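# Secondary and tertiary structure notes
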Amino acid sequence: MTKPRQPAEPFRIKSVEPIQLLDRATREKKIVEAHYNIFRIDAADIYIDLLTDSGTSAMSNRQWAALMMGDESYAGAKSFRNFEKVVRDIFRKEYVIPCHQGRSGENLIFSTILKPGQYVLNNTHFDTTRGNTQHKGGIAVDLPCAESDAPVPLPFKGDMDTEKLEHFIDEHGTDEIAMVIMTITNNSVGGQPVSMKNIKAVSSICKKHGLPFFFDCARFAENCYFIRRDEPGYENKSIRKIAAEMFDACDGVMMSAKKDGLANIGGFIALNDGELYQKLTDLMILIEGFPTYGGLAGRDLEVLAVGLQEVMDLEYLKNRVGQIKYFGEVLKQAGMPIVEPTGGHAVFVDAGQFLSHIPTKQFPGQSLAVAFYVEGGIRAVEIGSLMFGGTDPVTGEKLSAPRELVRLAVPRRVYTNSHLDYIGDVAKIITGRREALKGYKITYQSRFLRHFTCKLESISTRNVEVGS
Ligand SMILES: *Cc1c(COP(=O)(O)O)cnc(C)c1O
């Protein structure tokens, strides 16, 4: 097989942060001490950390310079005005509300516009969006397109099912629906993009019924790049123009700027409804801070103002999305089945298929995540029965995961192609001894979000029935 080729990074390195690979014996000791839960391992003991792409970006020289320009005045800081201008230009909304991260914006929105018992419709809710909706008494409904889970390489698997949307509105009536949200890119189905055609179709359905239409747009620039690359009619448009067209189709946005803000913290809400702005900022003063800083420092706002523009650079995006695709090829060549096409921010390995000798109840995804650490000091995360299985803490229902995946999320501008090649070499070693990989059982778990803190034990005999 010929080795895929990915062009060199469109940046050079000005500041370095040393990382170290512990020897194998120490890694084995660390994973035992962590009870086989990778969330319990200290970052200093990890060589390559692909736990998340959130808040892990490397800043540019221009962002570090902007940091020094932070105006830390309590009210009406210059840094806020810079940030506000940039957000208005890109997202095309009048009112800009900074928040310390995405979920605090969600909290503000759902606390303000949601009446208990109302539905919130989404292509697919991200966990915190779902959690905040439910916390305010709302019912979160996902309406992903039929192809979202199909093993076919279609370009816009993040789309919303517009027929189901119309049907839902007809069935329940608009009074029962608080808002419609489009998650861009669709994180929970693997960072898959949403097409402009679908955005516009959903927008006109919402307009027709007078429903507020918001974007949850943590990865808006990656989505714009996919539209430019794969949607007819956009191949010659700039990312900024595509973004403008996209944002003109919605009433407001919520953004976790820890992703495409190219920053380590931050988020915001932007909208045109002055009355809603008033309600949001009234609440905000109680829980986040004065409306011109929203829980962030002036320097954070400066960094975001630069990051939100840099992220739309075509060369950057080409490299970013290309790097994810390349990484997927590297893992495939190492013998690991992956979810295709690769989206904008991560590669997902199908651990259920790769470790078919380990039953679902024994967490094949966790087994692979542990192997990545033990074999190579790499941190990846299980997205399968450990994360989504168990019992519902509220209803007591048995839960199940649709698939047993392992996510390798790639931080922005942090690792080079050579780091990814190294992971490919480790993947090859794991493939070579996959029959020897064992399942796990849980020895401790919390009621909510058990995967973060649970403790596990390795199962040495095959096919032992254990409760999940
Ligand atoms: C990360 C993320 C959030 C939550 O943002 P935080 O900054 O982590 O609070 C919400 N929605 C989407 C789509 C995300 O990716």
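Residues numbered from 1 in each chain as written. Predicted model: local features only at pLDDT ≥ 70, side-chain atom pairs only at ≥ 80, totals over all residues. Heavy atoms only, no water.

### Some details on the site of the ligand
The immediate surroundings of the ligand are formed by 15 residues, with Gln101, Gly102, Arg103, Ser256 and Lys259 found nearest. Asn187 has a polar side-chain atom sitting 3.0 Å from an oxygen atom of the ligand. In this structure, an oxygen atom belonging to the ligand sits 3.0 Å away from a side-chain N or O atom of Lys259. About the coverage of the ligand: the protein hides 97% of its 380 Å² of free accessible area. Listed by contribution, the elements that provide at least two residues to the shell around the ligand are helix H4 (102-113) and helix H5 (127-135). Considering every element that reaches the shell around the ligand, the biggest residue donor is H4, with three residues. Among the residues making up the shell around the ligand, the classes are represented as two nonpolar, seven polar and six charged. (Near = heavy atom within 4 Å. Polar contact = N/O pair within 3.5 Å; in protein donor to acceptor, adjacent residues only side chain to side chain. Areas by Shrake-Rupley, 256 points an atom, 1.4 Å probe, with all protein chains shown as cover. Helix = DSSP H or I, 4+ residues; strand = E, 2+ residues; numbered from the N terminus. Nonpolar A, V, L, I, M, F, W, Y, C, P; charged D, E, K, R; others polar.)

### Digging into the sheet that holds strand S9 (residues 346-350)
Sheet strands pair via backbone hydrogen bonds, and the direction of the pair is either parallel or antiparallel. Across the sheet, three strands lie side by side as S9-S12-S11; this open sheet has antiparallel pairing. The outermost strands of the open sheet, each flanked by one partner alone, are S9 and strand S11 (381-383). Direction aside, neighbouring strands of the sheet carry axes that sit 35° apart on average. Contacting S9 and strand S12 (405-409), helix H12 (residues 314-333) crosses the sheet at an angle of about 25° to S9. The sheet strands contacting helix H14 (residues 364-376) are S9, S11 and S12, and the helix crosses S12 at an angle near 40°. (Pairing = 2+ DSSP bridges. Axes fitted to C-alpha atoms, helices over the stretch in contact; angles between N-to-C directions. Contact = heavy atoms within 4.5 Å.)

### Quick word on the pairing of strand S8 (residues 267-271)
For a regular strand, side-chain orientation follows a simple rule: the groups alternate between the two sheet faces. Summarising burial for S8: five of the five residues are buried, a large majority. On S8, burial covers both faces: Gly267, Ile269 and Leu271 on one face and Phe268 and Ala270 on the other are all buried. The sheet contact formed by strand S2 (residues 95-99) and S8 spans five bridges and is antiparallel. Bridging across to S8, Tyr95 finds its partner in Leu271. Taken together, the five bridges between strand S7 (residues 252-256) and S8 define a ladder with antiparallel strand orientation. Residue pairing for S8: Val253 is matched across the bridge by Ala270. (Buried < 20%, exposed > 50% of the residue type's maximum accessible area, 1.4 Å probe, protein only.)

### Observations regarding the nonpolar core
Nonpolar side chains in soluble globular proteins generally cluster together in the buried interior. One finds Phe91, Phe215, Phe220, Met246, Phe247 and Leu308 to be the most contacted residues of the largest nonpolar core, which totals 63 residues. Counting contributing residues, this core receives three or more from each of domain 1 (24-53 + 314-458) and domain 2 (61-310). In this structure Phe220 touches Ile90, Phe91, Ile184, Met246, Phe247, Met255, Asp260, Leu308, Val311 and Met312, once residues within four positions along its chain are discounted. Judged by nonpolar contacts, the second largest core, of 32 residues, contains Ile338, Val347, Leu355 and Ile430. (Core = buried A, V, L, I, M, F, W, Y, C linked by side-chain atoms within 4.5 Å. Domains from an automatic or database assignment.)

### Brief notes about a nonpolar patch on the surface
Residues Val394, Phe448, Leu449 and Phe452 make up a contiguous nonpolar surface patch of roughly 440 Å² in combined accessible area. For Val394, the location among the structural elements is in the loop between helix H15 (385-388) and S12. (Patch = residues over 30% accessible without salt bridge, like charges linked within 9 Å, V, L, I, M, F, W, Y side chains within 5 Å. Salt bridge = Lys/Arg side-chain N within 4 Å of Asp/Glu carboxyl O.)

### A word on the packing of aromatic side chains
One pass over the structure, following the stated rule, counts 15 aromatic pairs. Aromatic pair Phe213 and Phe215: ring centres 5.4 Å apart, planes at 90°, arrangement edge-to-face. As far as burial versus exposure is concerned, Phe213 and Phe215 are alike and both buried. Taken together, a centroid distance of 5.8 Å and an interplanar angle of 55° make the contact between Phe215 and Phe247 tilted. Note that Phe215 is positioned in strand S6 (residues 213-216) and Phe247 in helix H9 (residues 239-247), a separation of 32 residues in sequence. Of the two residues examined, Phe215 and Phe247, each falls in the buried class. Chaining the aromatic ring pairs together yields one cluster made of Phe83, Phe91, Phe213, Phe215, Phe220, Phe247 and Phe268. The ring of Phe126 carries Lys259 above its face, with NZ or CZ at 5.5 Å from the centroid. (Phe/Tyr/Trp six-rings, centres within 6.5 Å; stacked < 30°, edge-to-face > 60°. Lys NZ or Arg CZ within 6 Å of the ring centre and 35° of its normal.)

### Quick look at the packing of helix H6 (residues 162-172) against helix H7 (residues 196-209)
Each pair of packed helices gets described by two things: the angle between the helix axes and the distance between those axes. At a closest axis distance of 10 Å, the pairing of H6 and H7 adopts a crossing angle of 15°. Here H7 runs roughly parallel to H6, going by the angle between their axes. Along this stretch, H6 crosses H7, giving a crossing that reads as right-handed. Within the contact between the two elements, H6 uses Thr162, Leu165, Glu166, Ile169 and Asp170 and H7 uses Asn198, Ala201, Val202, Ile205, Lys208 and His209. (Parallel < 35°, antiparallel > 145°, perpendicular 65-115°, else oblique. Left-handed = near helix turned anticlockwise from the far one by under 90°.)

### Notes on the environment of Leu50
With respect to the element layout, Leu50 can be found in the loop between strand S1 (48-49) and helix H2 (61-67). Assessed through its relative accessible area of 0%, Leu50 is described here as buried.

### Some points on the sheet that holds S6
An order of S2-S8-S7-S6-S5-S3-S4 is seen for the seven strands of this open sheet, with the pairing classed as mixed. Looking at the sheet topology across the chains shown, the edges are occupied by S2 and strand S4 (139-142). Neighbour-to-neighbour, the strand axes of the sheet open up by a mean angle of 20°, direction not taken into account. Strand direction decides the pairing type here: strand S3 (residues 119-122) and strand S5 (residues 177-183), joined by four bridges, are parallel. Paired with Asn122 across the two strands is Ile181, which belongs to S5. Across the face of the sheet, helix H10 (residues 274-287) comes into contact with S2, S6 and S8 while running at roughly 25° to S2.

### Quick notes on the domain arrangement of the protein
Interfaces are frequently sized by the accessible area removed from exposure as the parts join. Looking at the protein, the domain boundaries give domain 1 (24-53 + 314-458) and domain 2 (61-310). Once you take the C-alpha centre of each, domain 1 and domain 2 turn out to be 28 Å apart. Across the contact, 18 residues belong to domain 1 and 23 residues belong to domain 2. Taking both partners together, domain 1 and domain 2 bury about 1800 Å²; carbon and sulfur atoms supply 56% of that area. The shortest N-O distance in the salt bridge between Glu222 and Arg412 comes to 3.0 Å. Seen at the junction of domain 1 and domain 2, the total is 12 residue pairs in polar contact (both at pLDDT 80 or more). Here the side of domain 1 that touches domain 2 gets six residues from one element, more than from any other, and that element is H12. For the side of domain 1 that touches domain 2, a count of residues per class yields six nonpolar, four polar and eight charged. (Buried area = accessible area lost by both parts, 1.4 Å probe.)

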